[in-house]
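The residues making up each chain are set out below.
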There are 2 protein chains.
Amino acid sequence: MEYHHILKEHHDRIKPFIHNTPVLRSSLLDSLAGAKIHFKCENFQKMGAFKIRGAVNAVLALSEDQRAKGIVTHSSGNMAQAVSLAARILGIKAYIVMPENAPQVKKDAVADYGGEIHISGNHIKDRELMAETLIEKHGCSFIHPSNDLNVILGQGTAAKELLEDYGDLDFILTPVGGGGLLAGTALSAHHFSENCKVIAGEPMTVDDAYRSFHSGKIEFNESSNTIADGLRTHLGDINFPIIQKHVHDIIRVEEAEIVQAMRLIWERMKIIIEPSCVVPFAAVLKQKEKFKNKNIGIILSGGNVDLSKLPF
Amino acid sequence: MEYHHILKEHHDRIKPFIHNTPVLRSSLLDSLAGAKIHFKCENFQKMGAFKIRGAVNAVLALSEDQRAKGIVTHSSGNMAQAVSLAARILGIKAYIVMPENAPQVKKDAVADYGGEIHISGNHIKDRELMAETLIEKHGCSFIHPSNDLNVILGQGTAAKELLEDYGDLDFILTPVGGGGLLAGTALSAHHFSENCKVIAGEPMTVDDAYRSFHSGKIEFNESSNTIADGLRTHLGDINFPIIQKHVHDIIRVEEAEIVQAMRLIWERMKIIIEPSCVVPFAAVLKQKEKFKNKNIGIILSGGNVDLSKLPF
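Residues numbered from 1 in each chain as written. Chains lettered and ligands numbered in written order. Predicted model: local features only at pLDDT ≥ 70, side-chain atom pairs only at ≥ 80, totals over all residues. Heavy atoms only, no water.

A. A look at the pattern of salt bridges. Residues and elements named next belong to chain A. In total, this model carries 27 salt bridges over all chains according to the counting rule given. The partner of Asp207 in a salt bridge is Arg211, with the nearest N and O atoms 2.8 Å apart. Taking relative accessible area as the criterion, Asp207 reaches 10% and is therefore assigned buried. Ionic pairing is found between Asp249 and Lys290, a salt bridge with its closest N-O pair at 3.5 Å. Remark: Lys290 occurs in helix H15 (residues 288-291) and Asp249 occurs in strand E9 (residues 249-253); sequence separation between them is 41 residues. Lys290 gets classed as partly exposed once you look at its relative accessible area, which sits at 29%. Among the ionic contacts, a cluster of salt bridges with common partners joins Lys40, Glu42, Arg53 and Glu161. (Salt bridge = Lys/Arg side-chain N within 4 Å of Asp/Glu carboxyl O. Buried < 20%, exposed > 50% of the residue type's maximum accessible area, 1.4 Å probe, protein only. Helix = DSSP H or I, 4+ residues; strand = E, 2+ residues; numbered from the N terminus.)

The structure is reproduced here in structure tokens:
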């Protein structure tokens with residue numbers, strides 16, 4: 001399928017509602033990595049993460065009739081905030097299913113953005129059931145955080161902007177959790193660059209995407225034990241084929257490597273990024289030979305971190 | 001004295017060695033403060049603080065002969081790093097006197113920038129004595145962190161850049177510690193704006209500048225008990241007259257207000273700033289009526305913070 005024109009069109013329609021985030025560089029981190037790294041700062045994006053791109057794009061794909069009935073998602077993380085804010089921006093109602101054990105700070109953020117919170121049990125099945133009940137009751141539209149083509153195309157616009165400013169990148173790296181950002185980035189690199197390869201970084205302890213990439217079928221995690229709390233989820237049937245076709249490699253990193261890379265960016269670049277989004281930079285530091293002297297883009301996916309629970 | 005041309009000339013000569021730092025805005029913080037705030041991000045400056053401006057400018061004012069003999073300063077903070085880096089950039093030797101009780105992380109940073117560290121006793125007199133000994137031995141030139149006209153003019157270039165981008169500011173705010181940044185900013189505002197008033201923020205617990213401003217003579221602190229560790233020092237005989245003549249007001253804030261304002265900037269703007277540099281923003285939040293709907297510039301002076309010792 002040819003996404004070139006669709007990506008352009010979707011990017012144009014979300015532009016009024018998102019920031020074209022700045023690209024930062026650091027000569028110190030460049031010399032440490034032995035490469036030229038361009039950090040696309042989605043931590044400066046509205047609500048602090050790239051997810052608002054996909055959420056807005058998904059809402060804009062709905063008919064007037066669908067919008068009038070509202071949208072629903074289940075999430076304990078950034079997508080709950082993104083869907084709430086997208087709904088507020090576009091003047092519609094958002095129902096957000098959150099597990100009981102979601103941190104209060106995240107519930108507060110969703111409420112701040114005007115999302116109507118429905119607390120479910122902690123198991124994924126509880127959340128899904130409650131979302132289905134809301135859909136039956138209100139006729140609202142479900143927006144999946146990562147396995148939805150409009151969400152994927154929306155997330156891909158960060159890489160498109162990066163390539164518009166830096167057309168000669170050899171690699172773009174993203175983290176991989178549910179797969180939406182990775183799939184969208186891979187589509188943008190395929191359609192808007194000559195030869196830019198897309199690589200994902202993934203925590204070793206939740207390496208479902210790495211295993212899926214190599215086995216050819218969607219794999220799952222037994223553990224959720226990583227500091228990169230946005231990357232615990234698994235791929236979906238819509239983003240996985242895109243990832244199989246257009247992603248070059250997935251590199252796994254250890255927890256200590258994530259914390260060390262996060263500290264480097266905080267201390268040297270003076271910006272706040274969340275653990276999930278530092279994983280690609282940790283991957284570059286881990287495989288320096290592969291990236292030596294290359295032009296690299298890294299999507300710093302978000303900056304929503306609980307300052308009371310830092311790993312250093 | 002007419003500094004207009006001197007400021008221009010000094011700015012031109014340091015430009016190759018410093019960053020013209022970005023100006024960031026936040027619609028959320030604007031609405032919280034009820035004003036339009038332009039944050040001049042000196043936390044993204046080389047070595048993480050504005051001090052490199054003054055240090056480079058002071059070195060460039062030296063003759064070839066003086067440069068050959070090196071420079072010396074005493075400091076446990078950002079000026080030690082700034083003088084070390086300025087010396088390295090310009091290819092000369094730096095002797096840095098640091099008290100025994102300076103944090104190891106600061107000593108390491110100075111060593112990284114190539115400064116030759118000399119450890120003195122902890123009292124200010126010990127440091128001054130050791131600096132004098134080094135001057136006698138090597139004939140090197142002393143660079144005062146804040147009470148030196150070239151340092152003051154160098155620090156003033158941050159406000160000059162800000163006014164070049166945003167000429168219609170009603171106020172520029174800086175922190176005040178030793179007085180170099182405040183005096184330089186006041187000179188720049190006087191010479192490069194129509195009617196921009198300069199205001200300082202100062203911690204209540206070390207309010208020597210506030211008291212000096214009102215008594216007309218240089219006052220000192222009995223306590224050094226503030227989280228804003230860069231603001232414990234007192235004014236000097238070179239910067240104080242400039243401050244008396246060109247500064248509009250000094251606003252004092254409590255420790256809890258500093259921490260709260262710091263957390264707001266970290267959480268909402270996703271940037272890392274040190275406690276000392278958040279004091280002016282805390283002052284704006286404290287006196288909202290004064291700044292209502294005004295165009296404000298704030299010099300975010302630095303981002304060198306020990307991540308292991310955060311106040312939240």
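Having put the structure on the table, let's press on.
B. Representation of the packing of aromatic side chains. Summed over the entire model, instances satisfying the criterion amount to 7 aromatic pairs over all chains. Their ring planes at 70° and their centres at 5.7 Å tell us that Phe39 of chain B and Phe281 of chain B sit as a pair that is edge-to-face. Of this pair, Phe39 of chain B sits in strand E2 (residues 36-41) while Phe281 of chain B sits in helix H14 (residues 275-286); the two residues are 242 residues apart in sequence, bridging distant segments of the chain. The structure contains a cluster of three or more aromatic residues connected by ring pairs, namely Trp266 and Phe312 of chain A together with Trp266 and Phe312 of chain B. For Arg252 of chain A, the ring lying beneath its charged end belongs to Tyr210 of chain A, and the centroid distance is 3.6 Å. Sitting over the face of the ring of Phe192 of chain B, Lys160 of chain B holds its NZ or CZ atom 5.3 Å from the ring centroid. (Phe/Tyr/Trp six-rings, centres within 6.5 Å; stacked < 30°, edge-to-face > 60°. Lys NZ or Arg CZ within 6 Å of the ring centre and 35° of its normal.)

C. View of the relation of the copies chain B and chain A. Superposition record for chain B on chain A: RMSD 0.0 Å, screw rotation 180°, translation along axis 0.0 Å. The symmetry that links the two subunits is that of a two-fold axis. Among all residues of chain B, the minimum C-alpha distance to the rotation axis is found for Ile271 of chain B, at 2.1 Å. Here 100% of the contact residues of chain B are again contact residues in chain A; the copies associate through an equivalent surface. (Least-squares fit on C-alpha atoms with pLDDT ≥ 70 in both. Contact = heavy atoms within 4.5 Å.)

D. Spatial organisation of the side chain of Lys40 of chain A. Residues and elements named next belong to chain A. Here Lys40 is to be found in strand E2 (residues 36-41). For Lys40, the side chain forms a polar contact with the side chain of Glu161, separated by 2.7 Å. Once you skip the residues sitting within four places of it in the chain, Lys40 turns out to touch Asn20, Thr21, Pro22, Val23, Arg53, Ala158, Glu161, Leu162, Ile298, Ile299 and Leu300. (Polar contact = N/O pair within 3.5 Å; in protein donor to acceptor, adjacent residues only side chain to side chain.)

E. Structural detail: the interface of chain B and chain A. Counting from both sides, the interface comprises 19 residues of chain B and, opposite them, 19 residues of chain A. For the pair chain B and chain A, the two sides together bury roughly 1,500 Å², of which 61% comes from carbon and sulfur. Contact with chain A buries surface across chain B, with Lys270, Ile272 and Leu307 of chain B losing the most and accounting together for 43% of the total. Remark: the boundary between chain B and chain A carries 0 salt bridges. (Buried area = accessible area lost by both parts, 1.4 Å probe.)

F. Broad picture of the packing of helix H5 (residues 78-89) of chain B against helix H6 (residues 104-112) of chain B. Residue and element names in this part refer to chain B. H6 packs onto H5 with a crossing angle of 10° between their chain directions and a minimal axis gap of 8 Å. With respect to H6, the axis of H5 lies roughly parallel. Residues Ala80, Gln81, Ser84 and Arg88 of H5 form the contact with H6, whose own contacting residues are Lys106, Ala109, Val110 and Asp112. Each residue belonging to the contact of H5 with H6 can be placed in one class, and the counts come to 3 nonpolar, 2 polar and 3 charged. (Axes fitted to C-alpha atoms, helices over the stretch in contact; angles between N-to-C directions. Parallel < 35°, antiparallel > 145°, perpendicular 65-115°, else oblique. Nonpolar A, V, L, I, M, F, W, Y, C, P; charged D, E, K, R; others polar.)

G. Layout of the environment of Glu161 of chain A. Residues and elements named next belong to chain A. By the element assignment, Glu161 lies in helix H9 (residues 157-165). Residue Glu161 is classed as buried on the basis of its relative accessible area of 2%. Every residue in contact with Glu161, bar those within four places of it in the chain, is listed here: His11, Ile18, His19, Asn20, Thr21, Lys40 and Arg53.

H. Geometry of the environment of Val206 of chain A. Residues and elements named next belong to chain A. Position of Val206 among the secondary structure elements: in the loop between strand E8 (197-203) and helix H11 (208-215). A residue is classified by how much of its surface remains accessible, and Val206, at 0% relative accessible area, is buried. Between the alpha carbons of Val206 and Val284 there is a distance of 19 Å; along the sequence they are 78 residues apart.

I. Local environment of the domain arrangement of chain A. Residue and element names in this part refer to chain A. Taken as a whole, chain A is organised into domain 1 (4-49 + 152-309) and domain 2 (52-142). A straight line from the C-alpha centre of domain 1 to that of domain 2 covers 24 Å. On the side of domain 2, 15 residues touch domain 1, which itself brings 22 residues to the contact. Summed over both sides, the interface of domain 1 with domain 2 buries roughly 1,500 Å², with 57% coming from carbon and sulfur. Three residues, Arg13, Phe17 and Met47, lead the burial of domain 1 against domain 2; their summed loss comes to 44% of the area buried on that side. Where domain 1 meets domain 2, there are 2 salt bridges. In this structure, the connection of domain 1 to domain 2 is made through 8 residue pairs in polar contact (both at pLDDT 80 or more). Listing elements by their share of the side of domain 1 that touches domain 2, those giving two or more residues are helix H1 (4-14), helix H8 (149-155) and H9. Broken down by class, the residue content of the side of domain 1 that touches domain 2 amounts to 7 nonpolar, 8 polar and 7 charged. (Domains from an automatic or database assignment.)

J. Region of the structure containing the sheet that holds E2 of chain B. Residues and elements named next belong to chain B. Taken together, the 6 strands give an open sheet; going across it, the order is E1-E2-E10-E7-E8-E9, and neighbouring strands pair in mixed fashion. Where the open sheet ends on each side, the last strands, each with one partner, are strand E1 (23-24) and strand E9 (247-253). Alignment of strand E8 (residues 197-203) against E9, held across 6 bridges, turns out to be parallel. In the strand pairing of E9, Ile199 is matched with Asp249. (Pairing = 2+ DSSP bridges.)

K. Local environment of helix H7 (residues 124-138) of chain A. Residues and elements named next belong to chain A. In this model, H7 (15 residues) spans 21 Å end to end at C-alpha, consistent with the 21 Å of a helix rising 1.5 Å per residue. Looking at H7, one finds that the buried residues are Arg127, Ala131 and Leu134. In an axial view of H7, the angular spread of the buried residues amounts to 60°, which keeps them on one side of the axis. Turned more than 90 degrees from where H7 packs its buried face, Lys125, Leu129, Glu136 and Lys137 sit exposed. The inward-facing, buried residues of H7 abut strand E3 (71-74), strand E4 (94-99), strand E5 (116-120) and strand E6 (141-142). Following H7 by one or two positions, Gly139 has its phi on the positive side, about 70°. (Expected span 1.5 Å × (residues − 1). Arc of directions from axis to C-beta.)

L. Geometry of the pairing of strand E7 (residues 171-175) of chain A. All names here are of chain A. In terms of burial, E7 is largely enclosed, as 5 of its 5 residues are buried. Note: E7 against E8, 5 bridges, orientation parallel. Looking across to E8, one finds that Ile172 is bridged to Val198. For the crossover that starts at E7, traverses helix H10 (residues 180-192) and ends in the parallel E8, the hand is right-handed. Bridge analysis of E7 against strand E10 (residues 295-300) gives 3 bridges, and the strand direction is parallel. By the bridge assignment for E10, Phe171 is matched with Ile296. (Right-handed = clockwise from strand over helix to strand, strands pointing away.)

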